[in-house]
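Residues per chain, in single letters:
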Amino acid sequence: MNTTFPVITLTGLAGSGKSTIGKALYNTLKQDYANIIYLDGDEFRDILGAYDYDKQSRINLAIKRSKFANFLNDQGMIVIITTISMFNEIYKYNRQIFQNYIEVYIKCNMEELIKRDQKGLYTKAINKETQNVVGIDISFDQPQANLTIDNSSQDKIKEKVQMIIKILKENNNDNH
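Residues numbered from 1 in each chain as written. Predicted model: local features only at pLDDT ≥ 70, side-chain atom pairs only at ≥ 80, totals over all residues. Heavy atoms only, no water.

(A) Region of the structure containing the packing of aromatic side chains. What the rule picks out here adds up to 4 aromatic pairs. Measuring from centroid to centroid gives 6.3 Å for Phe68 and Phe71, while their planes differ by 20°, and the two rings are stacked. Of this pair, Phe68 and Phe71 both sit in helix α3 (residues 55-74), separated by 3 residues, roughly a single helical turn. When the centroid spacing of 5.5 Å and the interplanar angle of 25° are considered together, the rings of Phe98 and Tyr101 count as stacked. Taken together, the ring pairs in this structure connect Phe44, Phe68 and Phe71 into an aromatic cluster. (Phe/Tyr/Trp six-rings, centres within 6.5 Å; stacked < 30°, edge-to-face > 60°. Helix = DSSP H or I, 4+ residues; strand = E, 2+ residues; numbered from the N terminus.)

(B) Here's a closer look at the pattern of salt bridges. One pass over the full model with this rule turns up 3 salt bridges. Arg95 is the partner of Glu103 in a salt bridge, and the nearest nitrogen-oxygen pair spans 3.1 Å. Its salt-bridge partner being Glu170, residue Lys166 comes within 3.5 Å of it at the nearest N-O pair. Of this pair, Lys166 and Glu170 both sit in helix α7 (residues 157-174), 4 residues apart, which is roughly one turn of the helix. (Salt bridge = Lys/Arg side-chain N within 4 Å of Asp/Glu carboxyl O.)

(C) Structural detail: the sheet that holds strand β3 (residues 78-83). Read across the sheet, 5 strands follow the order β2-β3-β1-β4-β5 without closing on themselves; strand pairing throughout is parallel. The outermost strands of the open sheet, each flanked by one partner alone, are β2 (36-40) and β5 (147-150). Here the average twist between neighbouring strands, direction ignored, is 15°. The sheet contacts of helix α2 (residues 41-48) involve β2 and β3, and relative to β2 the element is tilted by about 80°. Along the sheet, α3 contacts β1 (7-11), β2 and β3; its crossing angle with β3, the most-contacted strand, is approximately 165°. (Pairing = 2+ DSSP bridges. Axes fitted to C-alpha atoms, helices over the stretch in contact; angles between N-to-C directions. Contact = heavy atoms within 4.5 Å.)

The following block contains the structure:
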């Protein structure tokens, strides 16, 4: 196999814009590549019926998602993943199993996340009405990502997608 297709993970806190950017990236790349798949964190949870949100359950699910992405990638698929999974165990695991791995951190400040929070997840966690919310009562590890995108302002999605594509092209040139 002379070309390894990339696995691109967009990670960030709930409400940071991972899915919006991930879907836009998928739609852009889909124009040139038929062998592309998008794995959304919430949809993957639904498929597996995995509704535990404590830190260890999140790590276990993230490893399953990575194994599934690797399975698809081994069959020649470009895989885009959007997920919180902001733990060193997952960063390390992904770097070990994927040959062509790109990690993108979608960063957003907490004040903005709370403003965007339609379900009241952050407010409920801050008020101790719910638990197991990453960034509130579950600490997270800052990724040492290939690219960090500040998405505190949700505009310029096309420009943010182009930033990721630029990293993809640079990474692809390095793998040849």
